[in-house]
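Descriptive structure summary
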Amino acid sequence: MTKQTMTSFSLLAPAKLNLFLHINGRREDGYHELETLFTFLNYGDELTFTLTNTASIEVTGDTQGIPLNDNLIYKAAILLQNHCQISFGVKINLIKILPMGGGVGGGSSDAASTLLALNKLWKCHLSLDELAQLGIKLGADVPVFINGRSALAQGIGEKLVDVELEKKWFCVVHPNEHISTAKIFTHPDLKRDTPKLKGDWQQQTLRNDCESLVKKLCPEVEKTLQWLLKYAPSKMTGTGSCCFAEFATQKEAQLVLENLPNTWSGFIASSVNISPAHTQLNAIH
Ligand SMILES: C[C@](O)(CO)[C@H](O)COP(=O)(O)OP(=O)(O)OC[C@H]1O[C@@H](n2ccc(N)nc2=O)[C@H](O)[C@@H]1O
Ligand SMILES: Nc1ncnc2c1ncn2[C@@H]1O[C@H](COP(=O)(O)OP(=O)(O)OP(=O)(O)O)[C@@H](O)[C@H]1O
């Protein structure tokens, strides 16, 4: 990691998991009303930001063939630069660790870490609420990464109530399938009629409403869930394709990962109540 200074520093863009995901209905604009529980993992992409004196925004590293104008990192930087009328620029280098289209929110997390970092680097002084309002223009998952606390979310995922969750270890498996979030949310067979939670969510039956449809469309996800089930209850995150199981210790999670069939990839990580991006950002003076 580069030396952390006010003009050049690195931030993690952590993965998220949806510990449950209920879909309550569809709005007129096509977006869905959700209830979901977000936790962050101590694992993710690494972004390095270096201040420049010209207004240009450069993105280097593992951009995976995503055209610059479509890259959520670039879009986040332009959005903030225009919003705050900033005449500085930035060089951003990405080390991509998180699978794309895997349901762990890599693109949204990259965008959120970019907004958080540039708010500091360019001295924009926007509040987290203001950054989240900008962030939602880039994706429904961006606000939770800006807020940086494990949270119960409603609305399209932007109405957040912070929660404290017990630290767990997760084994996350990527079945090497890319699932388009838009494809799942526009599918006629998606379950979209789960009633809103009443009372304490911890006392209720919780699930991922996308899971049955994704299992049907993508048999590798079904296989992954079945495989994980040998060790612990298994779930899918977001609209897939990653699936996960939770454990009390690192050792238990590691043992599962060691048995992973080599057609899939995976990782283990612990959950954190505060996003590592926030912890790192607060340590930069
Ligand atoms: C599935 C989740 O990852 C759960 O955390 C999110 O709801 C998706 O968040 P995201 O990838 O940031 O979503 P966006 O980039 O805003 O939208 C991707 C696609 O999903 C649909 N979408 C997204 C969120 C939502 N509440 N309802 C939707 O119908 C959008 O219409 C769009 O077609
Ligand atoms: N910096 C980026 N990193 C990853 N994906 C990006 C980035 N910029 C744009 N994208 C586009 O966004 C799409 C979704 O990426 P992402 O990795 O966030 O999916 P996801 O993990 O399924 O997200 P979610 O759980 O929010 O649905 C990718 O297929 C890619 O085309």
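Residues numbered from 1 in each chain as written. Chains lettered and ligands numbered in written order. Predicted model: local features only at pLDDT ≥ 70, side-chain atom pairs only at ≥ 80, totals over all residues. Heavy atoms only, no water.

All right, on to the overall build of the protein chain then. Within the protein chain, the regular secondary structure consists of 9 helices and 10 strands. Taken over the C-alpha trace, the protein chain has a radius of gyration of 19 Å; the compact-globule value for 285 residues is 19 Å, and the two agree within 12%. Dimensions of the protein chain along its principal axes, counting C-alpha atoms only, are 55 × 45 × 35 Å. Evaluated residue by residue, the protein chain yields a buried proportion of 54% over its 285 residues. Counted over contacts in the protein chain with a minimum sequence separation of 6, partners at least 24 positions apart contribute 75%. Working note: accessible area of the protein chain is about 13,100 Å², and carbon and sulfur atoms make up 51% of it. Distance between charge centres in the protein chain, computed from 26 positive and 28 negative side chains, equals 0 Å. (Helix = DSSP H or I, 4+ residues; strand = E, 2+ residues; numbered from the N terminus. Rg over C-alpha atoms; globule rule 2.2 N^0.38 Å. Buried < 20%, exposed > 50% of the residue type's maximum accessible area, 1.4 Å probe, protein only. Contact = heavy atoms within 4.5 Å. Areas by Shrake-Rupley, 256 points an atom, 1.4 Å probe, with all protein chains shown as cover. Lys, Arg positive; Asp, Glu negative; His and termini not counted. Charge placed at Lys NZ, Arg CZ, Asp CG, Glu CD.)

Viewed as axis vectors pointing N to C, helix H1 (residues 72–84) and helix H2 (residues 106–121) meet at an angle of 35 degrees, and their least axial separation amounts to 8 Å. Crossing handedness for the pair H1 and H2: right-handed. Contacts from Leu72, Ile73, Ala76, Ala77 and Leu80 in H1 reach Gly107, Ser108, Asp110, Ala111, Thr114, Leu115, Leu118 and Asn119 in H2. Tallied by class, residues from the contact of H1 with H2 come to 8 nonpolar, 4 polar and 1 charged. (Axes fitted to C-alpha atoms, helices over the stretch in contact; angles between N-to-C directions. Left-handed = near helix turned anticlockwise from the far one by under 90°. Nonpolar A, V, L, I, M, F, W, Y, C, P; charged D, E, K, R; others polar.)

By nearness alone, 21 residues border ligand 2, and Leu72, Gly105, Gly107, Asp141 and Thr181 come closest of all. Here an oxygen atom of ligand 2 sits 3.2 Å away from a polar atom, N or O, in the main chain of Val104. A distance of 2.8 Å is found between an oxygen atom of ligand 2 and a side-chain nitrogen or oxygen belonging to Thr181. At the level of elements, H1 and H2 are the ones that each hand at least two residues to the shell around ligand 2. For the shell around ligand 2, the element with the most residues is H2, which contributes 4 residues. Class assignment for the residues of the shell around ligand 2 results in 6 nonpolar, 10 polar and 5 charged. (Near = heavy atom within 4 Å. Polar contact = N/O pair within 3.5 Å; in protein donor to acceptor, adjacent residues only side chain to side chain.)

The next point concerns the pairing of strand S6 (residues 159–162). The sheet contact formed by strand S5 (residues 151–154) and S6 spans 4 bridges and is antiparallel. Bridging from a neighbouring strand, Gln154 pairs with Lys159 of S6. Following S5, the chain reverses through 4 residues before pairing antiparallel with S6; Gly155 in that reversal takes a positive phi of roughly 70 degrees. (Pairing = 2+ DSSP bridges.)

Attention now goes to the site of ligand 1. Neighbouring ligand 1 are 16 residues, the closest being Asn18, Tyr31, His32, Ala140 and Asp141. Within the side chain of Asn18, one N or O atom sits 3.0 Å away from an oxygen atom of ligand 1. In the model, a nitrogen atom of ligand 1 is placed 3.1 Å from a nitrogen or oxygen of the Ile156 main chain. For ligand 1, whose unbound accessible area comes to 640 Å², protein coverage reaches 83%. Going through the elements one at a time, strand S1 (8–26), strand S2 (32–52) and helix H5 (181–185) are the ones with two or more residues in the shell around ligand 1. Grouping the constituent residues of the shell around ligand 1 by class yields 7 nonpolar, 7 polar and 2 charged. Shared between two domains, the shell around ligand 1 holds at least three residues of each, these being domain 1 (8–164 + 275–282) and domain 2 (169–272). (Domains from an automatic or database assignment.)

The subject of this paragraph is unusual backbone geometry. In this structure, Ser241 follows Gly240 across a cis peptide bond, with omega equal to 10 degrees. Mapping Ser241 onto the fold places it in the loop between strand S8 (234–236) and strand S9 (243–247). Unlike most non-glycine residues, Gln85 shows phi in positive territory, near 50 degrees. Secondary-structure assignment places Gln85 in the loop between H1 and strand S4 (89–95).

This chain's UniProt record puts "domain: GHMP kinase N-terminal" (unreviewed entry) on residues 71–148. Spanning residues 71–148, this segment combines 55% helix with 9% strand, and its end C-alpha atoms are found 21 Å apart. (UniProt positions renumbered as here; feature names shortened; annotations may be inferred.)

Here the focus is the UniProt feature "domain: GHMP kinase C-terminal" (unreviewed entry) in the protein chain. Within the UniProt annotation, "domain: GHMP kinase C-terminal" (unreviewed entry) is assigned to residues 194–264. Between the first and last C-alpha atoms of residues 194–264 the distance is 32 Å; the span itself is 37% helix and 11% strand.

Turning our eyes to something else, we now look at the packing of H2 against helix H3 (residues 128–135). Following both chains from N to C, one finds H2 and H3 inclined at 130 degrees, their axes separated by 10 Å at the closest point. As judged from the angle between their axes, H2 and H3 are oblique. Classified by chirality, the crossing of H3 by H2 is right-handed. Of H3, the residues touching H2 (which contributes Leu115, Leu116 and Asn119) are Leu128, Leu131 and Gly135. (Parallel < 35°, antiparallel > 145°, perpendicular 65-115°, else oblique.)

Among the residues of helix H7 (residues 219–228), Glu220, Val221, Thr224, Leu225, Trp227 and Leu228 are the ones counted as buried. When H7 is viewed along its axis, its buried side chains cluster within an angular range of 160 degrees and face the same direction. Buried residues along H7 sit in contact with strand S7 (169–174), helix H6 (211–217), S8, S9 and helix H8 (250–258). (Arc of directions from axis to C-beta.)

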